[in-house]
Amino acid sequence: MGYKVVVAGATGNVGREMLNILAEREFPADEVIALASRRSIGTEVSYGDKTLKTKDIEGFDFTGYDIALFAIGSDATKKYAPIAASQGCVVIDNSSLYRYDPQIPLVVPEVNPEAVENYKNKMIIANPNCSTAQMVVALKPLHDRARIKRVVVSTYQSVSGAGKEGMDELWEQTKAVYNPTSEVPPKKFTKEIAFNVIPHIDVFLDDGSTKEEWKMVAETKKIVDPKIKVTATCVRVPVFVGHSEAINIEFEEFLDEDEARDILREAPGVMVVDKREPGGYITPKECVGDYATFISRIRQDSTIENGINLWCVSDNLRKGAALNAVQIAETLGNRCLKKG
Ligand SMILES: NC(=O)c1ccc[n+]([C@@H]2O[C@H](COP(=O)([O-])OP(=O)(O)OC[C@H]3O[C@@H](n4cnc5c(N)ncnc54)[C@H](OP(=O)(O)O)[C@@H]3O)[C@@H](O)[C@H]2O)c1
C-alpha cells in the first residue's frame, strides 16, 4: 500500500522535475495527481513512463490524499495550501510563503530531518530557497566539526530559478543577439540577461540588500544554527540550470583544508570534485540532472585565522527544489506517515 500524492504546479519547472524524481526514486505512490491553474487543464505531463492529464487546482478535493507537493508560487499557495492542510493532506511547499513561520518546519533532510515531525503544527512543511539548500548541505558537516562563525557567499544563479519564463527570456535574447532584427526587451529580469550578469534577485530591502540575500541569511539560521552569521550577494547569470556559489567560511576552531575535504567526501548528499588542475572542478552544466551538491576548490583562507574557501554547485531545480521536496516526503513517510 502506497501514498496518494498530489503535485501542484505540475506544468512548471519545479513541478515537472518533482514528477520525474518521484518516478526515478520509485516513491511508493499508489496514485499521483497533476494539478496546475485553469490555463493548463488537460495539459499532458510525464510521470515515469506514464502520462498524466493536468487538472485545475481550483475546487480540487484533497481529502484522502496523503501528501501534496506544491510549486505554484506564494500567491496561489496562500489560497490553496490551507485548503489542502484542512482536508488532512500534508503540504510540502516550494514557495517562500511559510519558510519563516516558527510553527512550520523548514527542512533539508541531510541537515535537520528531525524537524519534519513538526509537520503536525499546521500540516505544512516548507522547502528552502534553492541557494540555501545546496549551501547548508555543504555547511552542516563542517559546522559539526569546527563550529561556523560567519559565512560570506556570492551566488551565480541560473535563470531557471526564475521559472520557465526566465529560461525563455535567456533563450530568446540569446537568439536575438545573432538575429538583431528581433529585439527581445527584458521582462522577467531587470536588464538583458543574455551575455550579461545581474546583481539583483527578488526585491530590494531597506538596508540595500535583496530579499534573496536575506533568505540565505534567515534560512541558514533556521536550518543549521541561529548563531551563524551570513552575508550574501546574489547574482543572476546566463546559465539555464545549475546554481554556483563561492563560499568563504570562518570557523571558531582551526580546520585544515585536507580534513575539510575528507569531511565533505563522507557527507550525505555531497560529491567532492577537487583536483588542483585545469578542469578539476565542477561547473553548473555538469551538475544538471544530478542529485548531489558538488564541492570543488576547497582551500585555506590565509587572510583570517580559521578560514576555508570553497565552490559549491548544484542543480537548482533538483536539490534546490524538487529533489529536496521529494526527500522531505520520503523522510515524512519513514518517520511519521508509515504505510504498508
Ligand atoms: N525554480 C527554482 O529553482 C525554484 C527553487 C526553489 C523554489 N522555487 C519555487 O517553486 C515555485 C514554482 O517555481 P517554478 O520555477 O516551477 O515556476 P514556473 O516554471 O513558472 O511554474 C509555475 C507553476 O505554478 C502554476 N501556477 C501559477 N499560478 C497558479 C495558480 N493561480 N493556480 C494554480 N497553479 C498556478 C503554473 O501553472 P500554469 O502552467 O497553469 O500557469 C505552473 O505549473 C515558486 O514558488 C518558486 O519560488 C523555485
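Residues numbered from 1 in each chain as written. Predicted model: local features only at pLDDT ≥ 70, side-chain atom pairs only at ≥ 80, totals over all residues. Heavy atoms only, no water.

## What to know about the environment of E257
Locating E257 in the fold gives a position in helix α6 (residues 257-266). Take E257: its relative accessible area is 17%, and that puts it in the buried class. When residues no more than four places from it in sequence are discounted, the contact partners of E257 are R276, I298, R299, Q300 and I308. Only 3.4 Å separates the side chain of E257 from the side chain of R276, close enough to count as a polar contact. From its side chain, E257 meets the backbone nitrogen of Q300 in a polar contact 2.9 Å long. (Helix = DSSP H or I, 4+ residues; strand = E, 2+ residues; numbered from the N terminus. Buried < 20%, exposed > 50% of the residue type's maximum accessible area, 1.4 Å probe, protein only. Contact = heavy atoms within 4.5 Å. Polar contact = N/O pair within 3.5 Å; in protein donor to acceptor, adjacent residues only side chain to side chain.)

## What about the pattern of salt bridges?
Under the definition given, this model contains 25 salt bridges. For the salt bridge of E165 with K188, the shortest nitrogen-to-oxygen distance reads 3.7 Å. Placement of the pair is E165 in helix α4 (residues 163-178) and K188 in the loop between α4 and α5 (211-223), with a sequence separation of 23 residues. Overall, E165 belongs to the exposed group, its relative accessible area being 52%. The partly exposed category is assigned to K188, whose relative accessible area is 41%. (Salt bridge = Lys/Arg side-chain N within 4 Å of Asp/Glu carboxyl O.)

## Let's talk about the sheet that holds strand β11 (residues 243-251)
With respect to topology, six strands assemble into an open sheet ordered β10-β9-β11-β14-β13-β12, the strand pairing being mixed. The open sheet terminates on both sides in strands that have one partner only, identified here as β10 (229-236) and β12 (270-272). Between one strand and the next, the sheet's axes are offset by a mean angle of 25°, whatever the strand orientation. As judged from the three bridges shared by β12 and strand β13 (residues 293-300), these two strands associate in the parallel manner. Among the inter-strand pairings, V272 is bridged to a residue of β13, identified as I295. Strands in contact with helix α3 (residues 130-146) are β9 (148-157), β10, β11, β12, β13 and β14 (307-314); relative to β11, the strand with the most contacts, it is inclined by about 25°. (Pairing = 2+ DSSP bridges. Axes fitted to C-alpha atoms, helices over the stretch in contact; angles between N-to-C directions.)

## Here's the deal with the nonpolar core
One finds F62, F70, L142, V151, I247, I249 and L310 to be the most contacted residues of the largest nonpolar core, which totals 56 residues. It is α3 that contributes the most residues to this core, seven residues altogether. Formed by 43 residues, the second largest nonpolar core is a distinct cluster that contains V5, V45, A162 and F189. (Core = buried A, V, L, I, M, F, W, Y, C linked by side-chain atoms within 4.5 Å.)

## Focus: the site of the ligand
Around the ligand lies a shell of 26 residues, among which T11, V14, S37, R39 and S40 are the nearest. Taking G9, its main chain carries an N or O atom lying 3.2 Å from an oxygen atom of the ligand. For the ligand, an oxygen atom lies 3.1 Å from a polar atom in the backbone of G12. Where the shell around the ligand is concerned, the elements lending two or more residues are α1 (13-24), α2 (73-86), α4 and α8 (318-335). (Near = heavy atom within 4 Å.)

## With respect to the packing of aromatic side chains
This structure, assessed with the given rule, holds seven aromatic pairs. With a centroid separation of 5.4 Å and 65° between ring planes, the pair formed by Y156 and W311 is classed as edge-to-face. With Y156 in strand β9 and W311 in strand β14, this residue pair connects regions lying 155 residues apart in the sequence. Three or more aromatic residues joined by ring pairs form one cluster here, namely F60, F62, Y65 and F70. One cation-aromatic arrangement involves K4 over Y65; the distance from NZ or CZ to the ring centre is 4.8 Å. (Phe/Tyr/Trp six-rings, centres within 6.5 Å; stacked < 30°, edge-to-face > 60°. Lys NZ or Arg CZ within 6 Å of the ring centre and 35° of its normal.)

The analysis is restricted to geometry; functional conclusions fall outside its scope.
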